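Here is what each chain is made of, one letter per residue.
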Amino acid sequence: MNYISTRGAAPVLDFEATMLTGLARDGGLYLPEHVPPLTTGEIAGLSGQSYEDQAFAVMRPFIGGAFGDETLHELIAAAYAAFGHPARAPLKQLAPDHFLLELFHGPTLAFKDFAMQLIGQLFQAALSRSGQRVTIVGATSGDTGSAAIEAFRGLGNVDVFILYPHDRISEVQRRQMTTPAEENVHALAIDGDFDTCQALVKDMFNDFAFRDAVALAGVNSINWARVLAQVVYYFTAGVALGAPHRPVSFTVPTGNFGDIYAGSIARAMGLPIEKLVIATNHNDILHRTMESGGYVTDEVYPSISPSMDIQVSSNFERALFDAYARDGSAVARAMGELKETGGFRIGQGALEALRESFASGRASEDETRATITATARETGEVLCPHTAVGVHVAQAHLSATPMVTLATAHPAKFPDAVEAATGARPALPPRMADLFERPERVTRLPGDLAAVQALIRERIPA
Ligand SMILES: *Cc1c(COP(=O)(O)O)cnc(C)c1O
């Protein structure tokens, strides 16, 4: 299986190189040359299988010769072994036609664990085979960073540097990044917002001398292997609700567009997804773009769903590439305009294609809080604020087709917002109960490329 860049001017790579590289050298994102379909019979055959076996069936065609069947089975088993639920991604019912897909049973209590735990296994297998060492650098609005640190802590051939916006993430998120004691873990608090952190990471990848000198590898949500891992739970949920014989819809709390883009890959593989709904908080650039056709960046306004507080949504570039019928030069032009002017207009044909693929909605802070309160009262389910954004938006899209809202984090990750809405403070699972006693280790830096690069060069082995 070959991978091509959304900007059409980077080398074609195989799965392993795509995974280890992250961002393409032309600034674009890698995508498979073709999306391999599953037949109706193959999709029907997933029914009743374990999460791990379904993951193997869904991901196998994308991985090519990078890992043999037996190895891939083992890596998948290891990735999900530490999850706190045998179904891995269990479904719960909220209303006759509305379900929650609980994606927070992994070690850091957010859906990012699904991709990151697997990528940790895949990286380790690939690097120990080649004897390479890499420096992983990532930006996080909270959950990616802790998931990456959890997946890579203590691995011999990897250093992991995570940039997060100082004072703009929850205390649980911060402590999950600053308390691991392993030497190869480096938490960096950056003065700025998430977009500052993300821009620093992008600039490091575009500085080829630095990129090659430290063997930079990216595990941000632009990494194709992460998107691929997230395709799996669309299938497990869809099949549990009657696919391929019955269609299903999904609403996805969205920031960087990685999770929902995985849904569009599941659909391209043959899963009958009727609606795929983008749910945003008041940082609603994606919703505004779908309404107006203009992608116009604004400030980032802090919210109670901080993992969605962004204006530049990296994986949206993949959806644009599809919408422009895979014309890399059209995407490169739009991204150039974005960098120069802070926005771009989507052509009419591409906008229609996007609207055919995705619906959208937004939830204000008040609507998010009210949804947490009402859902707890009516069903007993306690939602995290991100999930509540999804549930609010999904309610406007309910129909006879079952709707699945992705529950992207455990409520105990955002205890202040949840307590304010329900009156009860959600407890951390017992295995994390001592998080607030563990010592923290973090380096604070200005949002300055040279400063971050200097620190990375100093910390990694010569
Ligand atoms: C990362 C994250 C999101 C947004 O997911 P994207 O793939 O960036 O769109 C939503 N909710 C939570 C809890 C997250 O951690």
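Just so it is clear, the structure is predicted and the values come from calculations on it, not from any experiment. (Residues numbered from 1 in each chain as written. Predicted model: local features only at pLDDT ≥ 70, side-chain atom pairs only at ≥ 80, totals over all residues. Heavy atoms only, no water.)

1. Observations concerning the site of the ligand
- Taken together, 15 residues sit near the ligand, with Lys112, Asp143, Gly255, Asn256 and Thr408 positioned nearest.
- With respect to the ligand, the side chain of aspartate 143 contributes an N or O atom lying 2.4 Å from an oxygen atom.
- Within the backbone of glycine 255, a nitrogen or oxygen atom sits 2.8 Å from an oxygen atom of the ligand.
- Burial of the ligand by the protein chains amounts to 97% of its free accessible area of 380 Å².
- Cavity membership is defined here by more than half of the atoms lying within 2 Å of grid points; on that basis the ligand lies in the largest cavity. (Near = heavy atom within 4 Å. Polar contact = N/O pair within 3.5 Å; in protein donor to acceptor, adjacent residues only side chain to side chain. Areas by Shrake-Rupley, 256 points an atom, 1.4 Å probe, with all protein chains shown as cover. 1 Å grid on protein atoms, 1.4 Å probe; cavity = no way out; pocket = protein on both sides within 12 Å on 5 of 7 lines; lining within 4 Å. Sits in = over half its atoms within 2 Å of the grid points.)

2. Details of the pattern of salt bridges
- With the rule as written, the count across this model stands at 24 salt bridges.
- A salt bridge links glutamate 102 to lysine 92, with the shortest nitrogen-to-oxygen separation between them at 3.0 Å. Of this pair, glutamate 102 sits in strand E4 (residues 98-102) while lysine 92 sits in strand E3 (residues 91-95), placing them ten residues apart in sequence.
- Two residues, glutamate 419 and arginine 425, come together in a salt bridge whose shortest N-O distance is 2.7 Å.
- The class for glutamate 419 is partly exposed, based on a relative accessible area of 33%. (Salt bridge = Lys/Arg side-chain N within 4 Å of Asp/Glu carboxyl O. Helix = DSSP H or I, 4+ residues; strand = E, 2+ residues; numbered from the N terminus. Buried < 20%, exposed > 50% of the residue type's maximum accessible area, 1.4 Å probe, protein only.)

3. Overview of the packing of aromatic side chains
- In this structure the tally under the stated criterion is 16 aromatic pairs.
- The interplanar angle of 85 degrees and the centroid separation of 5.5 Å between the aromatic rings of phenylalanine 123 and phenylalanine 152 together place this pair among those described as edge-to-face. Within this pair, whereas phenylalanine 123 is found in helix H5 (residues 112-130), its partner phenylalanine 152 is found in helix H6 (residues 143-152), the two being separated by 29 residues in sequence.
- Each residue in the set Tyr51, Tyr80, Phe83, Phe114, Tyr233, Tyr234 and Phe250 is aromatic and connected to the rest through ring pairs, giving one cluster.
- Taking NZ or CZ as reference, arginine 25 lies 4.4 Å from the ring centre of phenylalanine 208, over its face. (Phe/Tyr/Trp six-rings, centres within 6.5 Å; stacked < 30°, edge-to-face > 60°. Lys NZ or Arg CZ within 6 Å of the ring centre and 35° of its normal.)

4. Some details on the packing of helix H8 (residues 194-206) against helix H19 (residues 449-459)
- The contact between H8 and H19 brings their axes to 10 Å, and the two run at 65 degrees. The pairing of H8 with H19 is recorded here as roughly perpendicular in orientation. Taken as a pair, H8 and H19 cross one another with a handedness that is right-handed. Facing H8, whose interface residues are Leu200, Asp203 and Met204, H19 presents Leu449, Val452, Gln453 and Ile456.
- Of the residues contributing to the contact of H8 with H19, the split by class is five nonpolar, one polar and one charged. (Axes fitted to C-alpha atoms, helices over the stretch in contact; angles between N-to-C directions. Parallel < 35°, antiparallel > 145°, perpendicular 65-115°, else oblique. Left-handed = near helix turned anticlockwise from the far one by under 90°. Contact = heavy atoms within 4.5 Å. Nonpolar A, V, L, I, M, F, W, Y, C, P; charged D, E, K, R; others polar.)

5. Re the sheet that holds strand E15 (residues 443-446)
- Ordered in space as E8-E5-E6-E7-E15, the five strands form an open sheet in which the pairing is parallel. The open sheet is flanked by strand E8 (216-218) and E15, the only strands paired with a single partner. When the angles between neighbouring strand axes are averaged without regard to direction, this sheet yields 30 degrees.
- Across three bridges, strand E5 (residues 134-139) lies against E8 in parallel orientation. Bridging across to E8, isoleucine 136 finds its partner in alanine 217.
- Together, E5, strand E6 (158-165) and strand E7 (185-191) form the strand contacts of H6, whose direction differs from that of E6 by roughly 165 degrees.
- Contacts from helix H7 (residues 171-178) reach E6 and E7, with the element oriented near 155 degrees to E6. (Pairing = 2+ DSSP bridges.)

6. Examining empty space enclosed by the protein
- Under the defined criterion, the tally for this structure stands at three cavities of 30 Å³ or more.
- Taken as a whole, the largest cavity spans an internal volume of roughly 320 Å³.
- Looking at the largest cavity, it is lined by 27 residues, and the ones nearest its centre are Phe111, Lys112, Gly255, Asn256 and Ser307.
- Leu23, Val201, Lys202, Asn220 and Ile222 are the residues nearest the centre of the second largest cavity, which is lined by 13 residues in total.
- Here the lining of the second largest cavity takes four residues from H8, the largest share from any one element. (Points joined across faces, edges and corners; volume = space filled by probe spheres on them.)

7. Some remarks on helix H14 (residues 328-341)
- Compared with an ideal rise of 1.5 Å per residue, which puts 14 residues at 20 Å, H14 spans 20 Å between its outermost C-alpha atoms and is within 8% of the ideal.
- Residues of H14 that are buried include every one of Gly328, Ala330, Val331, Ala334, Met335 and Leu338, and no others. Here the buried residues of H14 occupy an arc of 160 degrees about the axis, which is enough to place them on one side. For H14, exposure combined with an orientation more than 90 degrees from the buried face picks out Arg333, Glu340 and Thr341.
- Those residues of H14 that are buried lie in contact with strand E11 (294-296), helix H13 (316-323) and strand E12 (343-345).
- With its phi angle positive at about 85 degrees, glycine 342 sits one or two positions after the end of H14. (Expected span 1.5 Å × (residues − 1). Arc of directions from axis to C-beta.)

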